[in-house]
Amino acid sequence: CAAPGASVDASLTSGAPAGWRGAARRAAPRLARLEAAAARAAEADMDRAGALATLVGPKAHFLVRAPTVVVGRGVGGDAASSAPSPIDIDLAAAGPASKASRVQARLELGPDGGFVVTNLGRRTLAVDGAPLVAGGSARLRPLALLEAGDARLLFVPNGRAVARAVARSSALAL
C-alpha cells in the first residue's frame, strides 16, 4: 500500500517540468503529514458524533451511526404519507437526486470491520467509477467515491469506532 501523499506526488510529477517534479517530491512528506492530521481530526469529530463513518459531498455530509444504513432519495415531503421513510440517508440533501433510486443502497459493516455497499435500486450506483448494477455489492475502501445519480460522496470510515463495534460484536458472539 502506498504511503499517504504518494499518489499526489506521482500525479504532480507526471509530465511536469523538472523544477515542478522536485518541488512536488519535497512537498509530498508535508502533504502526507497534512493528510494524516486531517484524518485524525475527522476521526475525532466522528467519535464525538458517535459515527462509524461519514459520507462527504460538496454540499452535505452524512454520519453513518449504525452498522447498517440505507441510502436513497427522499420522496420530497409527501404529506399524504405518514409511513416512516425506509432510508437513513437522504441524498436530496446533497443536491439534485432525481436520478437516484428512492432506496438506492445499503451500507453494512461486516464482522471483519470492512464496509460493503449493496445496490438496492433499479438505477446504477458507481463505486470508484465502476458501475454496480442492481443487486450487486462491493467492498468500500477508505475514501471510496460513491455516485448515485447526481450525488457524489466520499466514504470516510472511523477506524477507532469500527474497531470498537467489531470488538463488541465479537464479545457478544462468545
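This text goes with the structure placed above it.
Anyway, here's the lowdown on the structure attached to this text. (Residues numbered from 1 in each chain as written. Predicted model: local features only at pLDDT ≥ 70, side-chain atom pairs only at ≥ 80, totals over all residues. Heavy atoms only, no water.)

1. Notes on a nonpolar patch on the surface
Let me state the cut-off plainly: Surface patches are defined over residues having more than 30% relative accessible area and no salt bridge, joining like charges when they lie within 9 Å and nonpolar side chains (Val, Leu, Ile, Met, Phe, Trp, Tyr) when within 5 Å. Only the protein chains shown count as covering a residue, and every accessible area follows the Shrake-Rupley method with a 1.4 Å probe. By salt bridge we mean one thing: a side-chain nitrogen of Lys or Arg within 4 Å of a carboxyl oxygen of Asp or Glu. Numbering of helices and strands runs from the N terminus, with a helix taken as a DSSP run of H or I at least four residues long and a strand as a DSSP run of E at least two residues long. The buried label goes to any residue with under 20% of its type's maximum accessible area, the exposed label to any with over 50%, and the partly exposed label to all in between, with areas taken from a 1.4 Å probe on protein chains only.
A cluster of nonpolar side chains, Val 56, Leu 143 and Leu 154, forms an exposed patch at the surface whose accessible area comes to about 230 Å². For Leu 154, the location among the structural elements is in strand β11 (residues 151-157). Note on Leu 154: relative accessible area 35%, which makes it partly exposed.

2. Remarks on unusual backbone geometry
Leave glycine aside and you will find that most residues have negative phi; peptide bonds, for their part, are mostly trans. The phi dihedral of Asp 128 falls on the positive side, at around 55°, and the residue is not glycine. With respect to the helices and strands, the residue Asp 128 is situated in the loop between β7 (125-127) and β8 (130-132). Its identity as a non-glycine residue notwithstanding, Leu 143 has a phi of 65°, on the positive side. For Leu 143, the location among the structural elements is in the loop between β9 (137-140) and β10 (144-148).

3. A few points about the sheet that holds β10
Heads up, the condition is: Here, a strand pair is defined by DSSP locating no fewer than two bridges between the strands. For helices, the fitted axis covers only the stretch in contact; all axes are lines through C-alpha atoms, and the angles between them, taken along N-to-C directions, range from 0 to 180 degrees.
Strands sit in the order β2-β1-β11-β10-β7-β8 across an open sheet of six strands; the sheet is antiparallel. Where the open sheet ends on each side, the last strands, each with one partner, are β2 (61-64) and β8. Recorded for the sheet is a direction-independent mean angle of 25° between the axes of neighbouring strands. Inspection of the sheet shows β10 paired to β11 by five bridges, in the antiparallel sense. Paired with Leu 146 across the two strands is Leu 153, which belongs to β11.

4. As for the side chain of Glu 43
Which entries qualify depends on this criterion: Here a polar contact means two N or O atoms within 3.5 Å. Within protein one must be a hydrogen donor candidate and the other an acceptor candidate, and residues neighboring in sequence count only if both atoms are side-chain atoms. By the convention used here, residues are in contact when the closest approach between their heavy atoms is within 4.5 Å.
For Glu 43, the position within the fold is in helix α2 (residues 18-49). From its side chain, Glu 43 meets the backbone nitrogen of Gly 159 in a polar contact 2.9 Å long. Apart from residues lying up to four places away in sequence, Glu 43 is in contact with Asn 158, Gly 159 and Arg 160.

5. Describing empty space enclosed by the protein
To keep things clear, this is the line we draw: Buriedness for pockets is judged along seven lines, at least five of which must meet protein on both sides within 12 Å for an open set on the 1 Å grid over protein atoms alone, while cavities are sets there where a 1.4 Å probe fits but cannot get out, and lining residues have an atom within 4 Å of a point. Grid points are joined across faces, edges and corners, and a volume is the space filled by probe spheres set on the points. By the convention adopted, Pro, Cys, Tyr, Trp, Phe, Met, Ile, Leu, Val and Ala count as nonpolar, Lys, Arg, Asp and Glu as charged, and the other residues, Gly among them, as polar.
One pass over the full model with this rule turns up one cavity of 30 Å³ or more. Roughly 80 Å³ of volume is contained in the largest cavity. Taken together, 13 residues line the largest cavity, and the ones lying closest to its centre are Val 71, Leu 91, Leu 125, Leu 146 and Ala 148. The set of elements that each furnish at least two residues to the lining of the largest cavity consists of β5 (105-109), β10 and β11. In the lining of the largest cavity, the residues fall into 11 nonpolar, one polar and one charged.

So far we have only geometry, and geometry alone does not tell us how the molecule works.
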